[in-house]
Every structure is written in C-alpha cells, then in structure tokens.
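Letter by letter, the chains look like this.
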Amino acid sequence: MNEIKTQFTTREGVYKLLTHSEYSRPNRVPFNSQGSNPVKVSFVNVNDQSGNGDRICFNVGRELYFYIYKGVRKAADLSKPIDKRIYKGTQPTCHDFNPLTATAESVSLLVGFSAGQVQLIDPIKKETSKLFNEERLIDKTRVTCVRWVPGSESLFLVAHSSGSMYLYNVENTCGTTAPHYQLLKQGENYAVHTCKSKSARNPLLRWTVGEGALNEFAFSPDGKFLACASQDGFLRVFGFDAAELHGTMKSYFGGLLCVCWSPDGRYIVAGGEDDLVTVWSFSDCRVIARGHGHKSWVSVVAFDHCTTSVEDGDPPAEFSGSDEEFHEQVHFGLTLMLWVPQALQPLDKLLRLLTLPRSNSLPHSSNPAGGSTPNSHTVSNSSTATTKGNSIIDSAFIATGVSKFATLSLHDSRKERHEKDHKRNHSMGHISSKSSDKLNQLSSTRTVKADAAKTLGTMLCPRMDEVPLLEPLVCKKIAHERLTVLIFLEDCLVTACQEGFVCTWARPGKVVSDRPHEDTVM
C-alpha cells in the first residue's frame, strides 16, 4: 500500500495515469506545501474550432497558472503557459471560470485569496478587470469558495472562513466605506442581509450561515438550490432566490469540508472530519446512507456524471427500516469517488471508490457478532462471481486495516477509540494558516461538541446502526502528499495533490494509441 500506483481497476475497466499529461510548475519540482493553501483546479471549454478548446487553471502556493489542457490526446507542454501570475502578500485559494462568456479570445476567471480579496481576470488577454473587497472592508478572512451563479454572466457568490457568503455583481463597485446592512430574512442559524446604499454597490447580499468557517458550497444542477458545508458540522440546503432553508444535516463528528450534488439533483453528498461520506436525500431531507472505511478527513467528494445513472421511470427510493429493506428498495446506480487526506501522515494518501450498486447487488457486511455473511467482498454490479481485478481491489482494501469497520453498528469501545484517533491525528493546518481562522475553528469545535449530544440519534444525525453503510471498492495510494482535487471529464479524470502536480487518468479504452509515452504508463 506504500507504493504509488499508476493504474487502478473498477467495474468499468482500468484507469491509467498518463505521466506525460501531468501539469505542474514548469520546473516540475515538488512544491513545499507546508502552510500553503490547497492546490485547486478549474476547467473551461472555449469552443475552439481546432478541437482543442479545454483550458486549465491551477494554483500552487503564490502562483497561478493557465494552460491549454490537452488531456489524453497530447503531452503537456509546461514551457508555454498562456498566463502565469505570482502574487505577493497573499495566496490564491480558489477560482472559477464563467462558462457562459468563455470564447477563444476571452475568458472570465474569478480568483479568491487568503487575505479576503476576489480578483476578476482574463488570462487570455492577460488583463485584470476588477478587484473586489480590495480594502478588505467587506470581509477580512480567507476566501474558501467562489462560484459564478449558474446562468448569470455577472453575478457570483463568495464564501469566507468567517462563515459569511456575499453575492456580488461584476458591474458594481465595492465602495470606499464599509457596507451597512439591513435584515432581509432570518431563520435557524442563518440570516440574509441586503446592503443599504443610495447607489448600486457590492455586496448585493450577505449570508451569515452557522458557526465558524463556511468551507464549501455547491449549486444544484438546475441552479435553484445551494448546499453549504460548514465547520460547525452542518449541511444546510437553501432555496437560493428565496433564501429559504430547505433542509439540514449534521455530521457524525467535527466539521464538514466538502459537498456535491448528484447529476440529477436528488442527492447531496458531504464529507468531513468524521471520516465519513454522508448521502442525503434532497426530497426526504434526511441521511439515507454513509460511506465509511476512511482513516482521516474527507477532502473531496464528486459524482462521475459519465457513469452515474438513474433509470428513467424509477420512483424515488425510500430508505427506512432495516438494511435488508434498504437492499430491496434501491432502484438506482451511482458512482462516487473521493480522495482522503491523512492529517498527520502525509505518506498515506489513498484513493477510495465507493459505489452504491443497483438492487440485489449491495455487498453484505459482517454481522455485529463478528461473523461474515455471504458476498462480503462481492463488489461487482452483476450477479457473477468477483473478477480477478476485483479480487486485487479487495486485497488492497483489507490491507489498509479498514475491514475491522465492516459492521452495521459501532460499539461504544470503537466509538471511543475513533474519537481518540481524531484528537490524536487531526490537524487544522491545512484548513488555514491565519490565526483568526484558527480561533474560529476552535470556537466552532466547542459548539459542535455541545450540540453533538442533542443531534445524535435524530434525523439530523442518525446513529451508525440506523442507516446503511457503504464500503469502498477501490483503495489506492496515488500521491505522496494529500489530494485536493477530483474532476471528472468525458475521457479522463483529473486529480491534484498538495505538491502541485495535476494528474490525468485516462478512462478505460480512452488511451490514444499513438501517444509517444504510452509504454511508460504501466
């Protein structure tokens, strides 16, 4: 398990690392990531008629790079970035392209920074259009997430480690004084304020959500809802235009760090400091499953839109009662991949693939008494026996020591050991290097502990034996440093680690045969 893998097998086939399609700093020297913000990656397609329209942006430390992305087709040429920027006094933390305005001649890229500012740039024209929150009068804390509002050419949303989100319009200025706010809407642990001003200025709205940092948010596929993952351990889902709270979920332990929607908008998946992947039903507003087996914080969750499928005409799955009833009621197949960092063990970065199979194919877990039920290692979506490739996956999975958690209930002794492991192994260094952020983290930790006893065993946070548990199908070490990015494209998937290396993994059957480096992939 300590060997870095260059391929892995799933039920779709073999994914292969394309070593010459690796993007990084031009010198290819591993970045000393201590104290730096996570490496992030953004993509956009500029509809280039040449057929090479993908563009990639990634940050490494104080540097920001913009390249033509050649994917599985050709090797990366790191000597020719379209744009490169080096910042002083602050670091890029996140970024997002506007797909509506992207052309071969111009793109709109938002970049958030550790000091709280947001920059709008055009890396093709090599122009800087605007700088928002320049004097840090709106918010002085680190930008944790920035996204264009779906369907808009001018509106964007920014989250900060203060726990606030701000809605901006690129056409408005931010003013020369601190904004004054008027309450628009208030609910349980959230409030929305408008900016009081005689003339149009930013921000248009301020959202205050939960306690502590707002670590990530994600818009639903139709753009109507917003899912927010916060350091207080709560997932909150809002109707975006109406600013109404649709539903909430509480982590089993600690803060939530990442969140994403299923392609059909029916499910939300969140991961965080409880080492779990929680699947939440949007229509039922409750937890329907958890993925376990991870040894530390979950940093990225993502659905693969190419392999995720929901059969047309299937009724929404109702998850209630025993796990046997759950097995009978599953009518959909969805694939979920995630990368897990080890807070204090940087050499043990694992790739884990979780699949919620179709009905009658869910793997049976060991019973609480310790005995194994049939098919405890059958992970195929078919009724046939486990293939050789899956046997290899299962062996790797057992070697991690995760198999001891293969029960549908956690006994008190395991729970106590689990919480002790968190206290010993978890570090907040990768979330923030600012002292103010750390104070927010500590404050939210006290709040989470106080609220844990109230929510555990409720619909907000079911006990471990009250919802089905999903097992990882793939567990591979693919990087020396913690993984921070997972993006699915049509012919490949893209990962990035904190050393600053952005890797391309060709999907099964998508390796171009005339590539000059194919014999090095294995």
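Definitions and limits used
Residue positions are given per chain, counting from 1 as you read along its sequence in written order. Note on the predicted model: pLDDT of at least 70 is required for a residue's local features to be given, and 80 or more for side-chain atom pairs to be given and counted; whole-chain, interface and lining totals, by contrast, use all residues. Side-chain numbers here rest on the full set of heavy atoms in the structure, without hydrogens or water. Under the pairing criterion, centres of Phe, Tyr and Trp rings, with the six-membered ring standing for Trp, must be within 6.5 Å; the plane angle then separates stacked pairs below 30 degrees from edge-to-face pairs above 60, leaving the rest tilted. Buried means the residue's accessible area, taken with a 1.4 Å probe over protein chains only, is under 20% of the maximum for its type, while exposed means over 50%, and partly exposed covers the values in between. A run of H or I in DSSP becomes a helix once it reaches four residues, and a run of E becomes a strand once it reaches two; helices and strands are each numbered from the N terminus. As used in this record, nonpolar core signifies buried Ala, Val, Leu, Ile, Met, Phe, Trp, Tyr and Cys residues forming a set joined through side-chain atoms within 4.5 Å. Only heavy atoms enter the contact rule, under which two residues are in contact if any of them lie within 4.5 Å. DSSP bridges decide pairing: two strands pair if at least two such bridges lie between them. Interaxial angles span 0 to 180 degrees and are taken between N-to-C directions of axes, which are lines fitted to C-alpha atoms, for helices over the stretch in contact. Salt bridges are identified by distance alone: a Lys or Arg side-chain nitrogen within 4 Å of an Asp or Glu carboxyl oxygen. Throughout this description, a polar contact denotes any pair of N or O atoms lying within 3.5 Å of each other; where both atoms belong to protein, one of them has to be capable of donating a hydrogen while the other can accept it, and for residues adjacent in sequence the pair is counted only when both atoms sit in side chains. Within a predicted model, pLDDT stands for the predictor's per-residue confidence, ranging from 0 to 100.

(A) Looking closely at the packing of aromatic side chains. Following the criterion strictly, the structure yields 21 aromatic pairs and no others. A centroid spacing of 6.1 Å and a plane angle of 85° characterise the contact between Phe 217 and Phe 219, whose relative ring orientation is edge-to-face. You'll find Phe 217 and Phe 219 in the same group, each marked buried. A centroid spacing of 4.8 Å and a plane angle of 70° characterise the contact between Phe 225 and Phe 282, whose relative ring orientation is edge-to-face. Of this pair, Phe 225 sits in strand S18 (residues 225–230) while Phe 282 is found in the loop between strand S23 (277–281) and strand S24 (286–291), placing the two residues 57 residues apart along the sequence. Judged by its relative accessible area of 15%, Phe 282 falls in the buried class. Within the aromatic cluster, the residues linked to one another by ring pairs are Tyr 23, Phe 43, Phe 58, Tyr 65, Tyr 67 and Tyr 69.

(B) Local environment of the nonpolar core. Counting residues in each nonpolar core, the largest one holds 21 residues, and the members touching the most others are Tyr 23, Val 41, Ile 56, Phe 58, Tyr 67, Tyr 69 and Val 502. Counting only elements with at least two residues in this core, the list comes to strand S4 (54–60), strand S5 (63–68), strand S31 (492–497) and strand S32 (502–506). Beyond its immediate chain neighbours, meaning those up to four positions away, Tyr 67 contacts Tyr 23, Ser 24, Pro 26, Asp 54, Arg 55, Ile 56, Phe 58, Asp 77, Leu 78, Lys 80, Pro 81 and Ile 82. Core analysis: the next-biggest nonpolar cluster, separate from the first, contains 19 residues, Met 165, Leu 205, Phe 217 and Phe 219 among them.

(C) Quick peek at the sheet that holds strand S6 (residues 83–86). Across the sheet, which stays open at both edges, the 4 strands sit in the order S3-S4-S5-S6 with antiparallel pairing between neighbours. In this open sheet, the two strands that pair with only one neighbour each are strand S3 (41–45) and S6. Strand-to-strand twist in this sheet, taken as the mean axis angle between neighbours without regard to direction, amounts to 15°.

(D) Structural detail: the pattern of salt bridges. Applying the stated rule across the entire model yields 10 salt bridges. Between Glu 63 and Arg 25 there is a salt bridge, with its nearest N and O atoms 3.8 Å apart. Note that Glu 63 is positioned in strand S5 and Arg 25 in the loop between strand S2 (13–17) and S3, a separation of 38 residues in sequence. Neither residue differs from the other here; Glu 63 and Arg 25 are each classed as buried. Across the pair Arg 266 and Asp 264 runs a salt bridge, and its minimum N-O distance is 4.0 Å. Overall, Arg 266 belongs to the partly exposed group, its relative accessible area being 22%. Among the residues examined, Asp 264 registers a relative accessible area of 33% and is labelled partly exposed.

(E) Spatial organisation of the sheet that holds S31. Taken in spatial order, the 5 strands make up an open sheet running S1-S2-S32-S31-S30, and their pairing is antiparallel. A strand with exactly one partner marks an edge of an open sheet, and here the two such strands are strand S1 (7–10) and strand S30 (483–488). Taking the axes of each pair of neighbouring strands and ignoring which way they run, one obtains an average angle of 25° across the sheet. Of the pairings in the sheet, the one linking S31 to S32 comprises 5 bridges and is antiparallel in character. For Thr 495, the partnering residue across the bridge sits in S32 and is Cys 503.

(F) Expanded view of the side chain of Asp 304. Structurally, the position occupied by Asp 304 is in the loop between strand S25 (300–303) and helix H1 (323–329). Within polar-contact distance, the side chain of Asp 304 engages the side chain of Thr 307 at 3.2 Å. Among the polar contacts made by the side chain of Asp 304, one reaches the side chain of Arg 507 at a distance of 2.8 Å.

(G) Molecular detail of the confidence of the model for the chain. The predicted model of the chain has a mean per-residue pLDDT of 77, with 70% of residues at 70 or higher. Confidence drops under a pLDDT of 50 for residues 310–350, and excluding neighbours within four residues, the segment shows 139 contacts in the predicted structure.

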